[in-house]
Structure formats: C-alpha cells, structure tokens
Amino acid sequence: MDLFDYARQNNLKRESPLASRMRPTSLEEVVGQEHIIGRDKLLYRAIAADKLSSIILYGPPGVGKTTIAQVIAHTTMAEFTELSATAAGKKDMEEAVKRAEESLGMYGARTILFIDEIHRFNKSQQDFLLPYVENGTVILIGATTENPYFEVNSALISRSLIFELKPLSRENIITLLKRALSDEEKGLGAYNAYADDEALDFLANYCDGDARSALNGIELAVMTTPRDEDGRIHITLEVAGECIQHRVVRYDKTGDNHYDTISAFIKSMRGSDPDAAIFYLAKMLYDGEDIKFIARRMMICASEDVGNADPQALQVAVAASLAVERVGMPEAQIILSQAAAYIATAPKSNSAVEAIFAATRAVKETPSLTVPPYLQDAHYSGAEKLGRGTGYKYAHDYPDHYVKQRYLPYELGDMTFYDISEMGYEKKIKEHMKKHKNRKGDE
C-alpha cells in the first residue's frame with residue numbers, strides 16, 4: 001500500500017455513511033440478536049474462541065449480518081476475505097480460493113470467506129465453493145436476506161450452520177441512535193447534537209427494525225439542521241419527520257390516541273364498515289404502529305365478532321399475521337388491508353363468545369360437576385371394573401353419525417351455552433343441529 005492508497009482509505013472511512021462507521025468491532029459492542037450472540041450462545045462462543053465453522057446469516061436488511069461478519073474479521077486470527085455476490089464473479093472466487101490455499105499451505109493460516117448476498121450467486125457459482133468448504137480451505141460466511149433453504153444449494157446448507165437474525169427492537173435502535181450521537185470518533189459526537197426522546201422514538205418506530213435506516217435518518221437530521229443560539233443542534237420530532245419525508249402525526253403509542261385509534265379500528269370492522277376500518281389501519285401504519293400488534297387485534301376480532309358466521313375470517317387473520325412478520329413493511333400494509341376488508345365485510349356473530357362466558361359462569365357456580373361415567377376415560381387397566389366408559393355410544397356407528405346421548409354433567413340439566421345465530425354460516429349450522437332434536441336428552 002503506497003501513501004496515496006493509505007490516504008484514499010482514510011478518506012473513504014471518514015466520509016463513509018454513519019451506519020458503516022458505527023459498525024461494531026467487538027462482540028461486546030453488538031446491539032440486539034441476543035438469541036444467537038448472547039454470551040451463552042453457540043455463535044458467541046465460537047467467535048470468541050476463534051473456532052468458527054461455516055455459517056449462513058439470514059435476515060432482513062439492517063439487522064446486523066455484515067456487522068457480525070466484520071466483528072469476526074476483527075476477532076479472528078484467520079485471513080478474512082470479503083466478496084459481494086452482486087459484483088463478484090467466478091474469477092473473483094477463484095482468486096480468493098487460490099489465496100486461501102496459499103495461506104493454508106505456506107503459513108497454516110485459515111481463511112474466512114464472507115460472501116454478502118450469497119443468494120445472488122447462481123447454482124454453478126455456489127457449486128464452485130463446495131469442495132473448498134468441504135476440505136476446509138475456506139470457512140464460509142454467507143449473508144442473505146432470502147430464505148437460505150430456498151435460495152442456497154442444499155449441499156452448502158448441509159455444510160453450514162444457519163442463524164436467523166431478527167429485526168432490531170425499538171430499544172435496540174434507540175441505543176444505537178444515542179451511541180451515534182455521543183460517539184466523537186466514529187459517530188456524530190463532534191457536532192454537539194442532541195435529540196428529543198420523541199424524535200428518537202419516531203425514528204426507531206419508522207425504521208421497522210432496520211438499524212441502517214435509522215442511522216441514515218439521524219445523520220441527515222444532524223447534517224441539515226442549523227444550530228440553536230447556544231451552538232447546539234436540536235433534533236425535534238418535526239426535524240426527524242422531515243428527514244425521512246414523512247409527515248409527523250402526534251401519536252403516542254402508550255396514550256389515548258393509541259387506544260382510541262385501535263378501538264375505532266376494531267369497532268369499524270365489527271360494524272361492517274370496511275372504509276372506516278381501512279382508514280384507521282392506514283392511520284396506525286402511517287404513525288408507526290407495530291404491524292404485529294395490529295395483526296394480533298385482527299385475529300381477536302375475527303374470532304370474537306365474526307366467529308362461525310364465517311369461519312374463514314379467522315384463517316385469513318392468522319395467515320395475515322404470519323405473512324406480515326415474514327414480509328415486513330411496506331408490503332405488509334397490503335396484506336393487512338386485505339384481511340381488514342375481509343373481516344369488516346364478513347357476516348357477524350358473537351355466539352361463541354357468549355357461549356364460553358356462559359359456560360365459565362356455570363363452572364364457577366357449580367364447582368362439583370361429575371362427568372357421566374360412560375364418557376370417562378376407559379383406556380387403563382381396571383377401568384371397566386369401575387364402570388368407566390361402559391355404555392358409551394360411538395357416534396360414527398349410527399345413521400348420520402349421530403346418536404342421542406347425554407354429554408353434559410347431570411347437575412347442569414338441559415342448559416344451553418351455544419345459542420346459534422342466523423348469521424352467515426351459522427345459519428347452516430343451526431339447520432344441521434335441528435336434525436338432532438332432543439340431542440341432550442337420554443335415549
């Protein structure tokens with residue numbers, strides 16, 4: 001490296017984005033991902049002991065895949081080579097493997113080969129790595145935003161440990177933002193800037209677990225905000241909103257506005273008004289509400305307010321909940337909108353809700369209930385001598401798979417809990433049950 005190369009690298013380091021400058025160089029500096037790099041976890045122990053085997057890091061953008069690779073680079077005694085599958089080709093890999101073979105043969109030094117966006121390599125490119133991973137010439141670290149079980153060769157998968165990284169929590173992001181504002185060497189500490197708690201909270205919520213996005217936002221805020229009379233740079237909520245081209249709406253996720261909006265959303269779906277439901281959904285999403293929280297409330301509404309009037313509503317809500325966790329924003333808004341529209345337009349019934357409440361009251365008011373002997377468990381030695389299961393009528397042995405038989409405890413008489421409505425599919429259920437008149441009486 002000559003003087004010009006050294007100066008160029010220093011300039012690049014100094015002028016690189018904040019997210020790049022703030023990357024940790026040790027395990028202790030890493031924020032989040034405790035489920036894989038906590039002190040008692042396998043990956044932490046392997047990195048600390050410099051005994052790493054081939055791994056694939058899988059997760060959404062900005063959650064620390066490259067960060068973990070860089071920490072390994074600063075920790076390991078092995079040679080560290082980095083390639084990006086978006087720019088590198090087979091020739092680059094051949095050169096990396098050649099250097100690895102030379103290091104191993106001449107100095108006995110291992111080589112860690114980090115490949116970012118490994119899913120972008122085609123099958124033949126991935127196949128090229130197999131023998132060198134197999135014989136230990138290179139230790140592979142692959143990073144991908146795509147499910148490796150779909151996008152990475154099964155042979156590479158079988159030779160690697162898979163670690164899934166999760167979106168960073170709000171608290172994780174705020175920790176990183178505060179660190180960036182105070183760090184005078186790598187961060188923004190020299191600018192004498194400070195941010196209001198609501199500005200930090202806004203950025204943490206808006207970035208949806210992506211540390212890079214949050215750090216880009218705070219860097220732009222500091223660089224474009226004039227100093228106050230006291231010479232300090234004050235990052236307010238409004239400034240944070242301007243820096244990400246997002247109008248700020250005062251929305252306290254622990255205050256009245258939060259509860260009022262989610263209440264209006266649920267009541268709009270219950271009231272069969274899809275327009276109002278989607279409006280309140282849009283408001284919550286725009287203001288940074290947690291998509292998983294919204295999805296949970298929709299699942300409750302689908303069961304509580306739609307119920308068996310349309311059993312499909314709960315399936316739609318559950319599917320939406322799983323999908324938004326895998327997809328994330330902004331596409332998750334489409335999935336939530338579809339589910340909200342379905343629930344809002346579905347026929348409504350709360351018969352199942354009333355049923356469980358009524359049954360619970362009966363349990364509390366009649367504590368010593370006895371299960372009829374013929375319904376009791378008979379799958380153990382001596383049960384028959386005690387009369388357990390004796391006289392039970394197996395419904396499938398009878399016409400229409402139904403036989404008159406008492407199922408409720410005798411103490412409850414002919415109590416009814418599930419008062420079936422005439423709404424949607426429940427009307428068909430009610431018609432079906434009418435065929436079994438006196439179904440609770442003894443034959």
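Our subject is the structure listed above.
Since the model is a prediction, treat every value here as computed from it, not as a measurement.

### Some thoughts on a nonpolar patch on the surface
Next, step 1: Residues L314, V318 and L322 make up a contiguous nonpolar surface patch of roughly 220 Å² in combined accessible area.
Next, step 2: Considering the arrangement of structural elements, one finds L314 in helix α17 (residues 312-327).
Next, step 3: You can call L314 partly exposed: its relative accessible area is 35%.

### Comments concerning the packing of aromatic side chains
Next, step 1: Per the stated rule, a full pass over the model turns up three aromatic pairs.
Next, step 2: Ring plane angle 25° and centroid distance 6.4 Å describe the contact between F80 and F114, whose orientation is recorded as stacked. Of the two residues, F80 is situated in strand β2 (residues 79-84) and F114 in strand β3 (residues 111-116); the sequence distance between them amounts to 34 residues.
Next, step 3: Residue class for F80 comes out partly exposed when judged on its relative accessible area of 23%.
Next, step 4: For the ring pair F279 and Y280, a centre distance of 5.2 Å and an interplane angle of 70° mean the geometry is edge-to-face.
Next, step 5: Taking relative accessible area as the criterion, F279 reaches 52% and is therefore assigned exposed.
Next, step 6: You can call Y280 partly exposed: its relative accessible area is 25%.

### Re the environment of V30
Next, step 1: Looking at the element boundaries, V30 is found in the loop between α2 (18-21) and α3 (34-37).
Next, step 2: Separated by 34 residues in the primary sequence, V30 and G64 have C-alpha atoms spaced 8.4 Å apart.
Next, step 3: Ignoring anything within four residues of it in the chain, the contact list for V30 reads P24, I37 and V71.

### Focus on the side chain of S103
Next, step 1: Mapped onto the elements, S103 comes out in helix α6 (residues 90-107).
Next, step 2: Note on S103: relative accessible area 13%, which makes it buried.

### So, the nonpolar core
Nonpolar side chains in soluble globular proteins tend to be buried together.
Next, step 1: Ranked by size, the top nonpolar core spans 32 residues in total, and within it I173, L177, L181, I218 and I235 carry the most contacts.
Next, step 2: Secondary-structure elements contributing two or more residues to this core are α2, α10 (170-182), β6 (193-195), α11 (197-206), α12 (211-224), β7 (233-235) and α13 (237-243).
Next, step 3: Counting 29 residues, the second-largest nonpolar core is a separate cluster that includes M269, V316, A332 and L336.

### A few points about the pattern of salt bridges
Next, step 1: Taken as a whole and judged by the stated rule, the model has eleven salt bridges.
Next, step 2: The partner of E117 in a salt bridge is R120, and the shortest N-O contact between them spans 3.8 Å.
Next, step 3: On the basis of relative accessible area, R120 is assigned to the exposed category, the value being 53%.
Next, step 4: Here E164 and K166 are joined by a salt bridge, their closest N and O atoms 3.6 Å apart.
Next, step 5: Taken together, the salt bridges that share partners define one network made up of R170, E171 and D201.

Conventions used here
- Residues numbered from 1 in each chain as written.
- Predicted model: local features only at pLDDT ≥ 70, side-chain atom pairs only at ≥ 80, totals over all residues.
- Heavy atoms only, no water.
- Patch = residues over 30% accessible without salt bridge, like charges linked within 9 Å, V, L, I, M, F, W, Y side chains within 5 Å.
- Areas by Shrake-Rupley, 256 points an atom, 1.4 Å probe, with all protein chains shown as cover.
- Salt bridge = Lys/Arg side-chain N within 4 Å of Asp/Glu carboxyl O.
- Helix = DSSP H or I, 4+ residues; strand = E, 2+ residues; numbered from the N terminus.
- Buried < 20%, exposed > 50% of the residue type's maximum accessible area, 1.4 Å probe, protein only.
- Phe/Tyr/Trp six-rings, centres within 6.5 Å; stacked < 30°, edge-to-face > 60°.
- Contact = heavy atoms within 4.5 Å.
- Core = buried A, V, L, I, M, F, W, Y, C linked by side-chain atoms within 4.5 Å.

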